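Residues per chain are reported as follows:
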Amino acid sequence: MTNIYYQEQVLENIARKVLCGYDSALYYGSPAAVPIEEMIEAHGVSLEYQYLRKNGRILGKTIFDEGLEAVYDMENREYTLFPVQAGTILIDASLCEEDASTGRLRFTCAHELAHWILHKKLYTGTGRSAAMITEQSETTLEVQANMLGSAILMPIAQIKRCFYQLRGGRQDGQLIDDMANVFQVSRQAMRIRLTNHRLL
Ligand SMILES: [Zn+2]
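Residues numbered from 1 in each chain as written. Predicted model: local features only at pLDDT ≥ 70, side-chain atom pairs only at ≥ 80, totals over all residues. Heavy atoms only, no water.

Engineer: Can you walk me through the packing of aromatic side chains in this structure?
Structural biologist: Working definition: an aromatic ring pair is given by the centre-to-centre distance plus the angle between the planes. If you walk through the whole model with that rule in mind, you get 5 aromatic pairs. Ring centres 5.1 Å apart and planes at 70° place the aromatic pair Tyr27 and Tyr28 in the edge-to-face group. Residue Tyr28 is classed as exposed on the basis of its relative accessible area of 52%. Their ring planes at 10° and their centres at 5.7 Å tell us that Phe64 and Trp116 sit as a pair that is stacked. Of this pair, Phe64 sits in the loop between strand S2 (58–63) and strand S3 (67–73) while Trp116 sits in helix H4 (residues 102–123), placing them 52 residues apart in sequence. Relative accessible area serves as the criterion here: at 3%, Phe64 is assigned to the buried category. Members of the aromatic cluster, connected to one another through ring pairs, are Phe64, Trp116 and Tyr123. (Phe/Tyr/Trp six-rings, centres within 6.5 Å; stacked < 30°, edge-to-face > 60°. Buried < 20%, exposed > 50% of the residue type's maximum accessible area, 1.4 Å probe, protein only. Helix = DSSP H or I, 4+ residues; strand = E, 2+ residues; numbered from the N terminus.)

Engineer: Looking at this structure, how should I read the environment of Arg57?
Structural biologist: Secondary-structure assignment places Arg57 in the loop between strand S1 (46–50) and S2. Residue classification places Arg57 among the partly exposed residues on the basis of a relative accessible area of 43%. Considering only alpha carbons, one finds Arg57 and Met132, 75 residues apart in sequence, at a separation of 8.6 Å.

Engineer: Would you mind showing me how to read the coordination of the zinc ion here?
Structural biologist: For a metal bound by four donors in tetrahedral geometry, the ideal donor-metal-donor angle is 109.5 degrees, whereas six donors in octahedral geometry ideally sit at 90 or 180 degrees. In the first shell of the zinc ion, the protein supplies His111 (NE2), His115 (NE2) and Glu142 (OE), at 1.9 to 2.1 Å from the metal. In terms of primary sequence, the donors binding the zinc ion are separated according to H-x3-H-x26-E. With His111 in helix H4 and Glu142 in helix H5 (residues 140–153), this residue pair connects regions lying 31 residues apart in the sequence. Relative accessible area serves as the criterion here: at 7%, Glu142 is assigned to the buried category. (Donors = N, O, S within 2.8 Å, 3.2 Å for Na, K, Ca; no water.)

See the structure below:
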C-alpha cells in the first residue's frame, strides 16, 4: 500500500473544496458549526451508529468494502456481525449519549470523512477499514485524516474571522471556549487549530 502524503496547504485546499461543494457559506459566510453528518451523506456515504466495542475503544470506522463488521449488542452483551456496504461510516453509539461528547462525535465523523476523501483508493479492494481508535498510533494516514478533519470542521477562513471578531476583551481560555462553542468542537481541538495557525 502506498502512502500519499499531502502537504498541509493542500489539505486546507481540499477542505475548502469539500465545504464549498456542499455550501459556500460554510467557508465564506458567518462562522458557524459545519453540518458534518449531512456532509457525509452528501458524499453518498451512509452513517451508522453502533456500539463498535464494549469498552468504547473504537470511535469510528470507515468501510471501503462490503462485508460483515463485529458490533457489540448492549442488550444481549455479546458481539454480533453487522452487514455493511462499501461507503459506510460506523460511529460508536456511546458518543451520542452525552452532550459533552458532541465535540468528539463530530471530530470522529470529520476524521472518517477525511479517510473516505483521501484514502478510498488505498483501501478499496483490500478488505481493510480505517478505524479511529482511542490513543491511536500516529501513522501518516491517521495524521492526515486528523489534519483534513480539523480543516473541514474548523475552516481556516472562518477560524480567522471568528478569532478577530471575538478576541477583544477575552482571555485565551474564554476565547477557546467561545470558539469551540461556535464550531461545536472540543476545546482541545480548537486549541490545537489556533496554535497551529499561530493565533495563540
Ligand atoms: Zn483514522
